[in-house]
Amino acid sequence: MSSLLIRNARYVVSCDDNDTLYERCNILIRDNVIACIGPDLFPADEVIDASSMVVYPGLINTHHHLYQIFSRNLPEVQKMELFPWLTALYEVWKGLDEEAVECSSLTGLGEMLKTGTTTCFDHHYVFPRDGGDLISAQFRAAEQVGMRFVASRGSMDLSKKDGGLPPDSVVQTIDAILADSERLVRTWHDPSPLSMRQVVLAPCSPFSVTGDLMRESARLARSLGVRLHTHVAETRDEERFTVEKFGMRPVAYMQSLGWTGEDVWYAHGIHFNDDELRILAETATGVAHCPASNMKLASGVCRVPDMLRLGVLVGLAVDGSASNDGSSLLEEMRVCYLLHRLTSSAAAPTGYDVLKLATRGSARLLGRDDIGQLAPGKAADLFLIDLNRLSLVGAQFDPRSMLATVGFKGDVDYTIVNGVPVVRQGRLTAVDEDEIVSRSNAVVRRYLNR
């Protein structure tokens, strides 16, 4: 049995059931679980001196598109909103292959680990013909860097010729999608406590999939015991699409397909009305909030204060790197805090509320109660920040709110996933960062042909 002692931490922000803030305490990790938190000292195989550090639960990203890292900061799409933005970028994404997906995943997962994220859900839905086994490439990347990873078998079956947005080359038949979905669940999904890899079924969006695919995906997911995810109510264009095509607003359409419930969460959820918010609360259907992406694409402001007041389950997410240009949940937390302060004033979530969205709230979206908090018996997923730095002078007297109110830029000092230090002194431990940068830059140049 391996052991790790985090000794004499200045603060431990637990996000546990009692919102406990520990001061001058120790955390003992045995194998992949937190054994105890408190004043007692125990012998351990490794000791980290945390006397000037604050310890946080690992952050949990509930919506990403890692492949988009290889199409960020393209000048030709920087002034577009969602529908034209997608239409333009599908012409780039139809060239994806296994190497591009593996390298973009290594890049994004590495950035997340270096900024305190320990669990990532990725929504991959672009499967070009002859592109290879893209989801397996993602799992290989996650295992290399040490990330707790939840992959989606996303899908699209509604192409341009059928009234959708994607080109024919990246859509598939329902039968092919369902067969591959079942294969991936049976190959990769681990439902056990403390699981490092899981699979979610995730048709892309109402404007790129048919109702038949949504229904059949829900049936298959529930028969296999996995969760469901899709984009909903991201833009007014999508709202108009569902009303004109199906005669229903987005949530009513989702309900008609069996897509509400405690095993379902939506990305974005910006344009819900009051009745729809109540339905989400009553059905325990969750929302992944993506503030930076929503701002960049001018999509709107998610009604997070109203959601929290009504009891809607909300987690935090960075969304795809082409609509965010980064993979840092630390940055997303501060964007979230400032956006809602601007639009909701005193009704906005506090800095500590935002931290809990990125930890406890995100864990609930993924159906997990073993991550997202620091407590005995929970997963040993956490990160440490040294308070002795210029950017945090005077900011450290409320460590629970600090990451959202003041913010933290740069790399954290340590990140620990499943009891293993995967970042030490700001550097990845399991892989050669310089080699990943060199290889990925070469692959992205080939992929974009630039």
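Quantities reported herein were computed from a predicted structural model and do not represent experimental measurements.

Topic: the overall build of the chain
Stage number 1. Along its length, the chain carries 14 helices and 17 strands.
Stage number 2. Against the 2.2 N^0.38 benchmark of 22 Å for 450 residues, the chain shows a C-alpha radius of gyration of 21 Å, consistent with a compact globule.
Stage number 3. Once the C-alpha set of the chain is aligned to its principal axes, its extents read approximately 65 × 45 × 45 Å.
Stage number 4. For the chain, buried positions account for 61% of its 450 residues.
Stage number 5. Counted over contacts in the chain with a minimum sequence separation of 6, partners at least 24 positions apart contribute 75%.

Notes on the environment of Y22
Stage number 1. Within the element layout of this structure, Y22 appears in strand β2 (residues 21–30).
Stage number 2. For the pair Y22 and V55, spaced 33 residues apart in sequence, the C-alpha to C-alpha distance is 9.6 Å.
Stage number 3. If sequence neighbours within four positions are ignored, Y22 has contacts with R10, Y11, V12, S14, D16 and I37.

What to know about the pairing of strand β8 (residues 148–155)
Stage number 1. Burial within β8 is extensive, with eight of its eight residues counted as buried.
Stage number 2. For the crossover that starts at β8, traverses helix α4 (residues 174–188) and ends in the parallel strand β9 (residues 197–203), the hand is right-handed.

Quick word on the pattern of salt bridges
Stage number 1. In total, this model carries 32 salt bridges according to the counting rule given.
Stage number 2. The closest approach of N and O atoms between E46 and R424, which form a salt bridge, is 2.5 Å. Taken together, the residues E46 in strand β4 (residues 46–49) and R424 in strand β16 (residues 420–424) connect sequence positions 378 residues apart.
Stage number 3. Owing to a relative accessible area of 24%, E46 belongs among the partly exposed residues under this scheme.
Stage number 4. In this structure, E239 and R249 form a salt bridge, with 3.2 Å as the shortest nitrogen-oxygen distance. Of this pair, E239 sits in helix α6 (residues 236–246) while R249 sits in the loop between α6 and α7 (250–256), and the two are 10 residues apart along the sequence.
Stage number 5. Its relative accessible area of 15% is what places E239 among the buried residues.
Stage number 6. Assessed through its relative accessible area of 24%, R249 is described here as partly exposed.
Stage number 7. Within this structure, K114, D411, R427, E433 and D434 form a network of salt bridges that share partners.

Considerations on unusual backbone geometry
Stage number 1. Within the chain, D31 stands out as a residue other than glycine whose phi angle is a positive 55 degrees.
Stage number 2. Mapped onto the fold, D31 is located in the loop between β2 and β3 (33–38).
Stage number 3. Note on D31: relative accessible area 35%, which makes it partly exposed.
Stage number 4. One non-glycine residue, D130, lies in positive phi territory at about 65 degrees.
Stage number 5. Mapped onto the fold, D130 is located in the loop between β7 (117–122) and α3 (134–145).

Some points on the pairing of β16
Stage number 1. Across four bridges, the pairing between strand β15 (residues 414–417) and β16 is antiparallel. Bridging from a neighbouring strand, I416 pairs with P421 of β16.
Stage number 2. Turn length for the β15-β16 hairpin, with the two strands adjacent in sequence and antiparallel, is two residues, and the turn residue N418 shows positive phi of about 55 degrees.
Stage number 3. Two elements, β16 and strand β17 (residues 427–428), share two bridges in a ladder whose sense is antiparallel. In the strand pairing of β17, V423 is matched with L428.

A short note on the packing of α4 against helix α5 (residues 211–224)
Stage number 1. The contact between α4 and α5 brings their axes to 11 Å, and the two run at 20 degrees. Classified by the angle their axes make, α4 and α5 are roughly parallel. By crossing handedness, the relation of α4 to α5 is classed as right-handed. On α5, the residues touching I174, I177, L178, S181, E182, V185 and R186 of α4 are D212, L213, E216, S217, L220 and L224.
Stage number 2. Residue composition of the contact of α4 with α5, grouped by class: seven nonpolar, two polar and four charged.

Topic: the side chain of H123
Stage number 1. With respect to the secondary-structure elements, H123 resides in the loop between β7 and α3.
Stage number 2. The exposure class assigned to H123 is buried, which follows from its relative accessible area of 0%.
Stage number 3. A polar atom in the side chain of H123 sits 2.9 Å from the backbone oxygen of A202.
Stage number 4. Those residues in contact with H123, other than ones at most four positions away along the chain, are H63, H64, H65, S152, G154, A202, P203, C204, H229, T230 and H231.

Regarding α4
Stage number 1. Spanning 15 residues, α4 covers 21 Å between terminal C-alpha atoms, matching the ideal 21 Å at 1.5 Å per step.
Stage number 2. By the burial criterion, the buried members of α4 are I177, L178, D180, S181, L184, V185 and W188.

Overview of empty space enclosed by the protein
Stage number 1. Taken as a whole and assessed by the stated rule, the structure comprises one cavity of 30 Å³ or more.
Stage number 2. Approximately 110 Å³ is the volume found for the largest cavity.
Stage number 3. As for the largest cavity, its lining consists of 16 residues, and the residues nearest its centre are L82, L86, Y125, H231 and E234.
Stage number 4. With three residues, helix α1 (residues 82–93) is the largest single contributor of residues to the lining of the largest cavity.
Stage number 5. Taken together, the residues of the lining of the largest cavity break down into seven nonpolar, seven polar and two charged.

Concerning the packing of aromatic side chains
Stage number 1. Across all of its chains, the model carries 14 aromatic pairs by this definition.
Stage number 2. The interplanar angle of 55 degrees and the centroid separation of 4.6 Å between the aromatic rings of F83 and F207 together place this pair among those described as tilted. Of this pair, F83 sits in helix α1 while F207 sits in the loop between β9 and α5, and the two are 124 residues apart along the sequence.
Stage number 3. On the accessibility criterion, F207 (4% relative accessible area) is buried.
Stage number 4. Here the aromatic rings of F246 and Y253 are separated by 3.9 Å at their centres, their planes lie at 10 degrees, and the arrangement is stacked.
Stage number 5. In this structure an aromatic cluster arises from ring pairing among Y67, W85, Y90, W93 and Y125.
Stage number 6. Above the plane of the ring of Y11 lies R10, whose end atom (NZ or CZ) is 4.3 Å from the centre.
Stage number 7. Sitting over the face of the ring of F127, R153 holds its NZ or CZ atom 3.9 Å from the ring centroid.

The rules behind the values
- Here, residues in each chain are numbered from 1, in the same order as that chain's written sequence.
- Thresholds applied to this predicted model are a pLDDT of at least 70 for local features of residues and 80 or more for the giving and counting of side-chain atom pairs; totals over whole chains, interfaces and linings are not thresholded and use all residues.
- Side-chain metrics in this entry use all non-hydrogen atoms of the structure; hydrogen atoms and water are not considered.
- In DSSP terms, a helix is any run of H or I states spanning at least four residues, a strand is any run of E spanning at least two, and both are numbered starting from the N terminus.
- Throughout, the radius of gyration refers to the C-alpha atoms, and the reference size of a globule is 2.2 Å times the residue count to the power 0.38.
- Partly exposed describes any residue whose relative accessible area lies between the buried limit of under 20% and the exposed limit of over 50%, with all areas from a 1.4 Å probe on protein chains only and scaled to the type maximum.
- The contact criterion used is simple: two residues touch if any of their non-hydrogen atoms lie within 4.5 Å.
- Crossovers are marked right-handed if the path from the first strand over the helix to the second runs clockwise, as seen with the strands pointing away from the viewer.
- Note on definitions: salt bridges are taken to be side-chain nitrogens of Lys or Arg within 4 Å of carboxyl oxygens of Asp or Glu.
- Here, any two strands with at least 2 DSSP bridges between them count as paired.
- The angle between two axes is taken between their N-to-C directions and runs from 0 to 180 degrees, where each axis is a line fitted to C-alpha atoms and a helix contributes only its stretch in contact.
- Oblique is the label for any angle not under 35 degrees, not over 145, and not in the 65 to 115 range, which are roughly parallel, roughly antiparallel and roughly perpendicular in turn.
- The hand of a helix crossing depends on one turn: near helix anticlockwise from the far one by less than a right angle means left-handed, and clockwise means right-handed.
- Note on residue categories: nonpolar means Ala, Val, Leu, Ile, Met, Phe, Trp, Tyr, Cys or Pro, charged means Asp, Glu, Lys or Arg, and polar means any other residue, Gly included.
- Polar contact is the term for a pair of N or O atoms within 3.5 Å; when the atoms are in protein, one must be able to donate a hydrogen and the other to accept it, and sequence-neighboring residues count only if both atoms are side-chain atoms.
- Here the expected span of a helix is defined as 1.5 Å times the quantity of residues minus one.
- Cavities and pockets were defined on a 1 Å grid built from protein atoms only: a cavity is a group of points that admits a 1.4 Å probe but offers it no way out, a pocket is an open group of points flanked by protein on both sides within 12 Å along at least five of seven lines, and a lining residue is one with an atom within 4 Å of any such point.
- Grid points are joined across faces, edges and corners, and a volume is the space filled by probe spheres set on the points.
- Aromatic rings from Phe, Tyr and Trp, with only the six-membered ring used for Trp, were paired whenever their centres fell within 6.5 Å, and each pair was classed as stacked if the ring planes differed by under 30 degrees, edge-to-face if by over 60, and tilted otherwise.
- We count a charge as sitting over a ring when the NZ of a lysine or the CZ of an arginine lies within 6 Å of the ring centre and within 35 degrees of the ring normal.

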